[in-house]
Amino acid sequence: MAIATKEQILKVLRSFNPWWTTGSVHQDFTKKYRRFAYHEAMKRLDRTDLRRTVVLTGTRRVGKTTIQYQMIDTLLRRGIQPQRIVFISMDHPMLKLSGFNDILECYHENVWAGQDCYYFFDEVQYASDWDKWMKTIYDTQPETQMIATGSASPALIKGSTESGAGRWSVIQVPTLSFYEYCALTGVAVPELGPEIRPTAFSHMSQQERTGVMLKLGAVQNHFNRYLQVGGFPELALASNDRLAQQIMREDVVDKVLKRDLPSLYNIRSATELERIFLYLCNVSSDIVSFAAIAKELDGVTRPTVENYIKYLESANLIYLSYPVELGGQKILKAQPKIYIADAAIRNAVLMDEDVLTDPIELGKMVETAVYKHVAAFYYQRATRVGYYRGGKKGKEIDVVVDYPSVKNILIEVKYREQAPIPNDSAICELCGEASAAIVVTKRADDYGVHNAPNGKELIRIPAFAFLYLLGNAERHGYRGRE
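Since this is a predicted model, take the numbers as computed values, not measurements. (Residues numbered from 1 in each chain as written. Predicted model: local features only at pLDDT ≥ 70, side-chain atom pairs only at ≥ 80, totals over all residues. Heavy atoms only, no water.)

## Quick notes on the sheet that holds strand E5 (residues 168-172)
Logical step 1: If you trace the 5 strands from one edge of the open sheet to the other, you get E2-E3-E4-E1-E5, paired in parallel fashion. Two strands bound the open sheet, and with one partner strand each, they are strand E2 (85-89) and E5. The mean angle between the axes of side-by-side strands here comes to 15 degrees, regardless of whether they run parallel or antiparallel.
Logical step 2: Here strand E1 (residues 53-57) runs beside E5; their pairing, made up of 5 bridges, is parallel. Bridging across to E5, Val55 finds its partner in Val170.
Logical step 3: Along the sheet, helix H4 (residues 36-45) makes contact with E1, strand E4 (145-150) and E5, crossing E5 at roughly 170 degrees.
Logical step 4: Where helix H7 (residues 100-110) meets the sheet, it contacts E2 and strand E3 (118-122), and its direction lies at approximately 140 degrees from that of E3. (Pairing = 2+ DSSP bridges. Helix = DSSP H or I, 4+ residues; strand = E, 2+ residues; numbered from the N terminus. Axes fitted to C-alpha atoms, helices over the stretch in contact; angles between N-to-C directions. Contact = heavy atoms within 4.5 Å.)

## A closer look at the confidence of the model for the protein
Logical step 1: Per-residue pLDDT for the protein averages 86, and the proportion of residues at 70 or more is 92%.
Logical step 2: The low-confidence segment residues 478-482 (pLDDT under 50) makes 7 contacts with residues lying over four places distant or belonging to another chain. (pLDDT = per-residue confidence, 0-100.)

## With respect to the layout of surface pockets
One water molecule sets the probe size; rolling that probe over the atoms shows where empty space is left.
Logical step 1: In this model, the second largest pocket occupies a volume close to 580 Å³.
Logical step 2: Around the second largest pocket, the lining is made up of 26 residues, and of these Arg61, Gly63, Lys64, Thr65 and Thr66 lie nearest the centre.
Logical step 3: Elements that contribute at least two residues to the lining of the second largest pocket include exactly helix H5 (64-77), E2, helix H14 (233-236) and helix H15 (241-265).
Logical step 4: For the lining of the second largest pocket, the element with the highest residue contribution is H5, accounting for 6 residues. (1 Å grid on protein atoms, 1.4 Å probe; cavity = no way out; pocket = protein on both sides within 12 Å on 5 of 7 lines; lining within 4 Å. Points joined across faces, edges and corners; volume = space filled by probe spheres on them.)

## Some points on the sheet that holds strand E12 (residues 448-451)
Logical step 1: The strand order across the open sheet formed by 6 strands is E8-E9-E10-E11-E13-E12, and the pairing between neighbours is mixed. Looking at which strands have only one partner, the edges of the open sheet turn out to be strand E8 (384-390) and E12. Strand-to-strand, the axes of this sheet are offset by a mean angle of 30 degrees, without reference to chain direction.
Logical step 2: By the bridge criterion, 6 bridges tie E8 to strand E9 (residues 395-402) in an arrangement that is antiparallel. Bridge pairing links Gly386 to Val400 in E9.

## Considerations on the pattern of salt bridges
Pairing is possible between side chains that carry opposite charge, provided their charged atoms lie close to one another.
Logical step 1: Applying the stated criterion to the full structure yields 31 salt bridges.
Logical step 2: A salt bridge links Glu105 to Lys6; the shortest N-O distance between them is 3.2 Å. Taken together, the residues span a long stretch of sequence, with Glu105 in helix H7 and Lys6 in helix H1 (residues 6-16) at a distance of 99 residues.
Logical step 3: Accessibility expressed as a relative area gives 28% for Lys6, which makes it partly exposed.
Logical step 4: Here Glu306 ties to Arg302 by a salt bridge, and the two come within 3.0 Å at their closest N and O atoms. Of this pair, Glu306 and Arg302 are both found in helix H18 (residues 302-314), 4 residues apart, which corresponds to roughly one turn of the helix.
Logical step 5: Judged by its relative accessible area of 41%, Arg302 is partly exposed.
Logical step 6: Residues joined by salt bridges that share partners form a network here, namely Arg60, Asp91, Lys96, Arg259 and Asp260. (Salt bridge = Lys/Arg side-chain N within 4 Å of Asp/Glu carboxyl O. Buried < 20%, exposed > 50% of the residue type's maximum accessible area, 1.4 Å probe, protein only.)

## With respect to the environment of Lys43
Logical step 1: For Lys43, the position within the fold is in helix H4.
Logical step 2: In this structure, the C-alpha to C-alpha distance between Lys43 and Met351, residues 308 residues apart in sequence, is 40 Å.

## Some points on the packing of aromatic side chains
The description of an aromatic ring pair uses the distance of the two centres, along with the angle that the planes make with each other.
Logical step 1: Overall, the coordinates contain 22 aromatic pairs when judged by the stated rule.
Logical step 2: Centre to centre, the rings of Phe178 and Tyr468 are 6.3 Å apart; their planes meet at 75 degrees, and the pair counts as edge-to-face. Of this pair, Phe178 sits in helix H10 (residues 178-185) while Tyr468 sits in helix H22 (residues 463-478), and the two are 290 residues apart along the sequence.
Logical step 3: Ring geometry for Phe223 versus Tyr226: centroids 6.5 Å apart, planes at 20 degrees, classification stacked. Taken together, the residues Phe223 and Tyr226, both in helix H13 (residues 223-229) and 3 residues apart, mark about one turn of the helix. For the pair Phe223 and Tyr226, a shared accessibility class is recorded, and that class is buried.
Logical step 4: An aromatic cluster of at least three residues, connected via ring pairs, comprises Phe36, Phe178, Tyr179, Tyr181, Phe223, Tyr226, Tyr415 and Tyr468.
Logical step 5: Here the basic side chain of Arg34 rests over the ring of Tyr38, its NZ or CZ set 5.0 Å away from the ring centre.
Logical step 6: Residue placement shows Arg51 over the ring face of Tyr138; its charged tip is 4.1 Å from the ring centre. (Phe/Tyr/Trp six-rings, centres within 6.5 Å; stacked < 30°, edge-to-face > 60°. Lys NZ or Arg CZ within 6 Å of the ring centre and 35° of its normal.)

Below, the structure written as structure tokens:
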């Protein structure tokens, strides 16, 4: 006897697809700010010369499902027949226990008889043999488009490599950028042109820089809250920050650590996974040794540490930053820096109410935010985003954007009241090897250029302005695509 009947499946599908009767997506989704990932997904979907299955990946509550509903809204406004679009949540208990074949048969037998349709699969990795089914659909239904989401990046990327080679485009959906947070929460900022980006500060006069900073005064007061809870759309809009952090612990962290990852990777001890994640929250932005973690967490082996860190990366809960070679100088042993994927996750886990008054903790939060913005949003043409540590004294540069054919960009985070840059610092010594060298500062009046001994200029820019201007540049890149 089947676990779910076709009638039961159809009832669930109807609840997820109200536009079959109303003709429209619920306004709660359509009114929300449309993120960069939405525009990127629509760009891929609209390509007529190269058909691609669009796969959105990111951690829980980051907004993947909202992006799908916004894409559905766009298709409906373009005149696509409502019954031709189906949203299927593979995370729903009824659908999770049903076969792909039963779900699709139910849809086509009762709603849309044709094969030229739009499938929106949510949390697709929970379906058995999902990658093979998507390959079959791609190969046998040439007029069908598929848009899928998932919280386990390696599973999706592996599927795209094995079953979807040449067929899938995987788009990362990170937590909100500071620019997106301000747009979502309605912070009013004067218009900034596409040329206003961090690297442009070196070509401006100090008067022009001051003009930009005055325009950005409106966002400065929102920066601390962004660091605390602002990375997740629903929580950014919450009126109670303490409750928002509790929801994050329960729904973003606990469900991933206690349910999602154990079910995907057959993890025997969720407790060990939690211990490792808690340890990483404490050392976010630090260079870590797997052996040291295993020694610190008594009873956990090094292979377990390595595997579990890979699983946490797969769930988009952490970033791993590896060394990048600069100036022909050899790098030290390739131990990664670990960053929690969003400073808000770290705060929710550690439950430290004093993070905004602790200079060390605040510095970790800001460096985490800087790395996330650079790695996840704005330098997609780079071969990688890592860090530098080398030379005789093991000097360090926090973030290095490694481009394949042009000089790198160097970024040093100095989030403190007084942020001097010594002449013998790594960023001063190596800025001649870079196309741009940026020092991210704290104070709103700490901006301009710093002259290095080699004659090169380093850009100084406050963290809130640096992050916001990255988003401004990205926004202008999407103008005209809507």
